[in-house]
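# Fold and contact review
Residue-level listing of the chains:
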Amino acid sequence: YIMNITEKYSVVHSRFFEGNGYKSLEKMHKKFGVDPKASIDLPPDYITSILTPLGMQNKSIIIIADGKNTEPVNRLKSDPGIGHLIHLVPPDVSSMIGDMMIGILGDVFIGNPASTFSWFIAQSRNALGLDHSYLFLKRQKENSTNRSDDNSKRGRYWEIFCNDDCLYDEYPRTGRNASASDG
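Residues numbered from 1 in each chain as written. Predicted model: local features only at pLDDT ≥ 70, side-chain atom pairs only at ≥ 80, totals over all residues. Heavy atoms only, no water.

### A short note on the pairing of strand β2 (residues 60-65)
Each regular strand carries side chains that alternate between the two faces of the sheet. Counting buried residues in β2 gives five out of six residues, a clear majority hidden from the surface. Pairing of strand β1 (residues 9-14) with β2 involves six bridges; the strand directions are parallel. By the bridge assignment for β2, Val11 is matched with Ile62. Pairing geometry for β2 and strand β3 (residues 86-88), over three bridges, is parallel. Its bridge partner lying in β3, Ile63 is registered against Leu88. With helix α4 (residues 71-78) bridging β2 and the parallel β3, this β-α-β connection has right-handed handedness. (Buried < 20%, exposed > 50% of the residue type's maximum accessible area, 1.4 Å probe, protein only. Helix = DSSP H or I, 4+ residues; strand = E, 2+ residues; numbered from the N terminus. Pairing = 2+ DSSP bridges. Right-handed = clockwise from strand over helix to strand, strands pointing away.)

Rendered as structure tokens:
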């Protein structure tokens, strides 16, 4: 079980899509302009670029994952800056509903724009009036002036865009309008 979680915490959804993740993310890249790899690779600066401005860089980070690719979680755990904050929900206690509730109730949610599960969590958080759901990030250009000192030291710059506006545009893989009713 997960222990020693700070009162405030962030949740990251790590999803590999049975090996088709990059193909799914490439579709989201073409549709929205999101980074075509970061939501699967989860580089530490991608996470810290979201958490640092929110003052959450020293709080627990809970990872909900499909268990198909452990490399991103291991990379985060080995990072000297945030590795000690990473907590993976163990596979033997992970469940769809449990993971969903962890994501909805976290102080920050970082999801994968190609995952309907991430979209559902972000939409639920939005409906509850909870801020800080992040699905849409892209690399900034090298000469951008809108970057944090921490990210400029690492040579990567992330831009958050299109959060609530895109949540109700279209589901990531179906192409259906997310706000359209089925009946």
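### Looking at the layout of surface pockets
Size it by volume and the largest pocket reaches roughly 380 Å³. As for the largest pocket, its lining consists of 20 residues, of which Ala65, Asp66, Gly67, Ser94 and Asp99 are closest to the centre. Taken together, the elements giving at least two residues each to the lining of the largest pocket come down to β2, α4 and α5 (96-105). Top element by residues in the lining of the largest pocket is α4. It accounts for three residues. (1 Å grid on protein atoms, 1.4 Å probe; cavity = no way out; pocket = protein on both sides within 12 Å on 5 of 7 lines; lining within 4 Å. Points joined across faces, edges and corners; volume = space filled by probe spheres on them.)

### What about unusual backbone geometry?
Its identity as a non-glycine residue notwithstanding, Leu42 has a phi of 50 degrees, on the positive side. Tracing the backbone shows Leu42 in the loop between α2 (38-41) and α3 (44-51). Note on Leu42: relative accessible area 1%, which makes it buried. Despite not being glycine, His132 shows a phi value in the positive range, around 70 degrees. Within the fold, His132 resides in the loop between α6 (116-127) and β5 (133-134). On the accessibility criterion, His132 (33% relative accessible area) is partly exposed.

### Some thoughts on the environment of Ser124
Looking at where Ser124 falls in the secondary structure, it is placed in helix α6. Note on Ser124: relative accessible area 15%, which makes it buried.

### Things to note about the packing of α5 against α6
At their nearest, the axes of α5 and α6 sit 9 Å apart, and the two run at 45 degrees to each other. What the angle tells us is that α5 and α6 run oblique. Judged by the sense of rotation from one axis to the other, the crossing of α5 with α6 is right-handed. Where α5 approaches α6, its residues Met96, Asp99, Met100, Gly103, Ile104 and Leu105 are matched on the opposing element by Phe117, Phe120, Ile121, Ser124 and Arg125. Residue composition of the contact of α5 with α6, by class: seven nonpolar, two polar and two charged. (Axes fitted to C-alpha atoms, helices over the stretch in contact; angles between N-to-C directions. Parallel < 35°, antiparallel > 145°, perpendicular 65-115°, else oblique. Left-handed = near helix turned anticlockwise from the far one by under 90°. Contact = heavy atoms within 4.5 Å. Nonpolar A, V, L, I, M, F, W, Y, C, P; charged D, E, K, R; others polar.)

### Section: the nonpolar core
If you look at the biggest cluster of nonpolar residues, it comprises 25 residues, and the most contacted ones within it are Phe32, Val34, Ile64, Phe109, Ile121, Leu135 and Phe136. Of all the secondary-structure elements, those providing two or more residues to this core are β1, α1 (21-32), β2, α5, α6 and α8 (163-167). A total of four residues in this core trace back to one element, the largest contributor, which is α6. Setting aside residues up to four positions removed in sequence, Val34 forms contacts with Leu25, Met28, His29, Pro113, Leu135, Phe136, Leu137, Lys138 and Phe161. (Core = buried A, V, L, I, M, F, W, Y, C linked by side-chain atoms within 4.5 Å.)

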